[in-house]
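Breakdown of the fold
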Amino acid sequence: MSEATVIEAKNLSLTFQTNDGPVHALQDINLEINKGDFVSFIGPSGCGKTTFLRVMADLETPTAGEITVNGMTAREARKNRAYGYVFQAAGLYPWRTIGGNIKLPLEIMGYSKAEQDERVARVLELVELSGFDRKFPWQLSGGMQQRASIARALAFDADILLMDEPFGALDEIVRDHLNEQLLALWARTEKTIGFVTHSIPEAVYLSTKIVVMSPRPGRIADVIESTLPRERPLDIRDTPEFLEIAHRVRDGLRLGHGDDV
Amino acid sequence: MMSSAGFISRFAPVLTIIAIIIAVWYASAVALNAPWAQDKAKRAGVTLSFSELVSDTWAQEKPKLPAPHQVATEIYNTTVMKKITSKRSLIWHGWITLSATLLGFALGTGLGILLAVGIVHSRAMDLSVMPWVIASQTIPILAVAPMIIVVLNAVGISGLLPKAMISMYLSFFPVVVGMVKGLRSPSAMQLDQMRTWSTPKSTVFWKLRLPSAMPYLFTSLKIGMAASLVGAIVGELPTGAVAGLGARLLAGSYYGQTIQIWSALISAAILAAVLVALIGLIQRITLQRMGMLR
């Protein structure tokens, strides 16, 4: 494990015991994520991409193998609040304002009042929602709510950001815009990002590393290191280089699927 | 400010229903009280015209069904025209019932919330307490009430507390059921979210579970308040008809004072409506301040 390795999985497996027998959600996962990486997990439903993200976050416990986050076990990392987690739905509390929602983890972690205010202002500016701190969630659009939930995950000092299909429920145009913003935010904050998606263009556009997964059992089919530069305007998606990576991702997905398709 | 058109559109349906009820009530009074009026007329050897019959059925001393204005007059005479301290004042009786209702409601709400918190946080309590909570409500309160009164009397507790216990017995149930549902209403995602911040259980309760449960709590409180009033009235029946709206009901039925029974009934209904409306108001204010109303 090198200095720069933030997350490392070794022979990781997770089997759920269900009434219909065991389900192999993850099998023999080996992966290293380096500091500052933007790693996307892509694959069909049931391939274990969300489960893997939840294992990193200690929301699921692997049945075999090991995982380290910042050199600690996933549990220790969670106790140390090593990461911010963004779910598919914004999950903002309707009885709290946007500012109040972002303060929630800060209150739980015991930040001082002054620091809470300072941090709320800072992260709202990062997600371009300055001036919305006194609005209630229902006064914001879906895309804005999701940006607020990203702001909430950025508010405390976690250098890892785990995102589980955060833009899955949003329309394409909003999604493009948020993807662009996310890249800018990643560049500014230098966080390590784990990102689950089932959109090939989204994965290729955002990532430095794309992990293609396949189902039954959930395995890694391919790991693609992106050759795209870190600076990525939206129209990079029309370049041959982009299309080539997208093609490789598609091949990986098809291969993993076997005869199922 | 509400415009006059808004006022009309809001209250017109209610007023229409009230008008219909009163019309049906008057008609029923004629039908039910007519035999007695005819009987009297026959013994006196006179025949009644229709208008005489109607006016007689609406003015009898012990009618089978008193007319609305008779009940209204009785309520007016026993509230406005009597001193509040008089034992014939409906306000005095109402206050006796109200105090037991409010005490029982407060105890029931407290007990309900405590049980719900226990049930949500402890699997053992969920399995052991919940069936008893449900079983408790399958026992007819009319059977339990006299026993509670007698048993508590035997250990020297009488007056307000036994009645409040019966109110509590009826009102804790909707609070338990509503609060258990409310405290469990946060989604798996919201609970996972709390886990990613390694939030202590108590903080999850105060910051997530309790606020999520507020809408459920208020709905339960409304049902609980109405049940509480019923409990207090039922609790007054076996006390030997000393005081309270229940006592007025019982005394009225002993002496065939139907007007008194109906005025006590209507007073109890008005009291319940006011209490439930009051909770509705508190609900509006609370949820508005929490930003949960738009």
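Right above here is the structure, for reference.
Read on for a plain summary of the structure. (Residues numbered from 1 in each chain as written. Chains lettered and ligands numbered in written order. Predicted model: local features only at pLDDT ≥ 70, side-chain atom pairs only at ≥ 80, totals over all residues. Heavy atoms only, no water.)

**Brief notes about the overall build of chain B**
Each helix and strand counted, chain B has eleven helices and zero strands in total. Walking chain B from its N terminus toward its C terminus, one meets helices and strands in the order α-α-α-α-α-α-α-α-α-α-α. Relative to the compact-globule value of 19 Å for 294 residues, chain B shows a C-alpha radius of gyration of 24 Å, a clear excess of over 25%. Overall size of chain B, expressed as C-alpha extent along the three principal axes, is 90 × 60 × 35 Å. Contacts in chain B between residues at least 24 apart in sequence constitute 72% of all its contacts with a sequence separation of at least 6. Here chain B has roughly 15700 Å² of accessible surface; of this, 71% comes from carbon and sulfur atoms. For chain B, the centre of its 23 positive side-chain charges and the centre of its 8 negative side-chain charges are spaced 14 Å apart. (Helix = DSSP H or I, 4+ residues; strand = E, 2+ residues; numbered from the N terminus. Rg over C-alpha atoms; globule rule 2.2 N^0.38 Å. Contact = heavy atoms within 4.5 Å. Areas by Shrake-Rupley, 256 points an atom, 1.4 Å probe, with all protein chains shown as cover. Lys, Arg positive; Asp, Glu negative; His and termini not counted. Charge placed at Lys NZ, Arg CZ, Asp CG, Glu CD.)

**Digging into the overall build of chain A**
For chain A, the count of helices and strands is eight helices and ten strands. Here the C-alpha atoms of chain A give a radius of gyration of 18 Å, agreeing with the 18 Å that 2.2 N^0.38 yields for 261 residues. Each principal axis of the C-alpha distribution contributes one length, and for chain A these read about 55 × 40 × 40 Å. Sorting the 261 residues of chain A into buried and exposed places 56% on the buried side. Long-range pairs, those at least 24 residues apart, make up 70% of the contacts in chain A with a sequence separation of at least 6. Looking at charge distribution, chain A has the averaged site of its 29 positive side-chain charges lying 6 Å from that of its 37 negative ones. (Buried < 20%, exposed > 50% of the residue type's maximum accessible area, 1.4 Å probe, protein only.)

**Remarks on helix α3 (residues 68-79) of chain B**
Residue and element names in this part refer to chain B. Across its twelve residues, α3 extends 16 Å between first and last C-alpha, which sits within 8% of the 16 Å expected from 1.5 Å per residue. Those residues of α3 that sit buried are Pro 68, Gln 70, Val 71, Ile 75, Thr 78 and Thr 79. The buried residues of α3 occupy one face: seen down the axis, they fall within an arc of 165 degrees. (Expected span 1.5 Å × (residues − 1). Arc of directions from axis to C-beta.)

**Describing empty space enclosed by the protein**
In this approach a probe as big as a water molecule rolls over the atoms, and the regions it shows empty are the leftover space. Residues and elements named next belong to chain A. Within the structure shown, the criterion is met by one cavity of 30 Å³ or more. Roughly 60 Å³ of internal volume is contained in the largest cavity. For the lining of the largest cavity, the secondary structure elements donating two or more residues are α5 (142-154) and α6 (172-189). Looking at the lining of the largest cavity, the element that brings in the most residues is α6, giving four residues. Here the lining of the largest cavity spans two domains, and each of domain 1 (5-82 + 159-260) and domain 2 (91-157) adds at least three residues to it. (1 Å grid on protein atoms, 1.4 Å probe; cavity = no way out; pocket = protein on both sides within 12 Å on 5 of 7 lines; lining within 4 Å. Points joined across faces, edges and corners; volume = space filled by probe spheres on them. Domains from an automatic or database assignment.)

**Quick notes on the interface of chain B and chain A**
Facing 19 residues of chain B, the contacting portion of chain A comprises 25 residues. Around 2200 Å² of area is buried between chain B and chain A when both sides are counted, 61% of it from carbon and sulfur atoms. When the buried area of chain B at its contact with chain A is split by residue, Arg 195, Thr 196 and Trp 197 of chain B rank highest and sum to 32% of it. With a closest N to O distance of 2.8 Å, Arg 54 of chain A and Asp 192 of chain B form a salt bridge. Our count for the contact surface shared by chain B and chain A stands at nine residue pairs in polar contact (both at pLDDT 80 or more). Those elements giving two or more residues to the side of chain B that touches chain A turn out to be α8 (188-196) and α9 (201-236) of chain B. The element best represented in the side of chain B that touches chain A is α8 of chain B, accounting for seven residues. Among the residues forming the side of chain B that touches chain A, the class breakdown is seven nonpolar, eight polar and four charged. (Buried area = accessible area lost by both parts, 1.4 Å probe. Salt bridge = Lys/Arg side-chain N within 4 Å of Asp/Glu carboxyl O. Polar contact = N/O pair within 3.5 Å; in protein donor to acceptor, adjacent residues only side chain to side chain. Nonpolar A, V, L, I, M, F, W, Y, C, P; charged D, E, K, R; others polar.)

**Thoughts on the sheet that holds strand β7 (residues 160-164) of chain A**
Residues and elements named next belong to chain A. Strands sit in the order β6-β7-β8-β3-β9-β10 across an open sheet of six strands; the sheet is mixed. Of all strands in the sheet, those with a lone pairing partner are β6 (83-86) and β10 (219-225), marking the two edges. When the angles between neighbouring strand axes are averaged without regard to direction, this sheet yields 15 degrees. Judged from the four bridges that link them, strand β3 (residues 38-42) and strand β9 (residues 209-214) form a sheet pairing that is parallel. For Ser 40, the partnering residue across the bridge sits in β9 and is Ile 210. Sitting on the sheet, α6 touches β3, β7 and β8 (192-197), and the angle it makes with β8 is about 160 degrees. (Pairing = 2+ DSSP bridges. Axes fitted to C-alpha atoms, helices over the stretch in contact; angles between N-to-C directions.)

**Some words on the layout of surface pockets**
Residues and elements named next belong to chain B. Volume-wise, the largest pocket comes out at about 340 Å³. What lines the largest pocket is simply Ile 18, Ile 21, Ile 22, Trp 25, Pro 68, Ile 266, Ala 269, Ile 270 and Ala 273. Those elements that place two or more of their residues in the lining of the largest pocket are α1 (4-44) and α11 (258-289). Looking at the lining of the largest pocket residue by residue, the classes come out as nine nonpolar, no polar and no charged. Here the lining of the largest pocket gathers at least three residues from each of two domains, domain 1 (4-65) and domain 2 (90-289).

**Some details on unusual backbone geometry**
Residues and elements named next belong to chain A. A cis geometry characterises the amide bond from Arg 216 onward to Pro 217, with omega recorded as -10 degrees. With respect to the secondary-structure elements, Pro 217 resides in the loop between β9 and β10. Here Asp 58, not a glycine, exhibits a phi torsion of approximately 60 degrees, which is positive. You can see Asp 58 is positioned in the loop between α1 (49-56) and β4 (64-69).

**Quick notes on the packing of aromatic side chains**
The geometry of an aromatic ring pair comes down to the distance between the two centres and the angle between the two planes. Under the defined criterion, the tally for this structure stands at ten aromatic pairs over all chains. Through pairs of rings, three or more aromatic residues link up here, namely Phe 38, Phe 167, Trp 186 and Phe 195 of chain A. (Phe/Tyr/Trp six-rings, centres within 6.5 Å; stacked < 30°, edge-to-face > 60°.)

Just distances and angles here, no functional claims.
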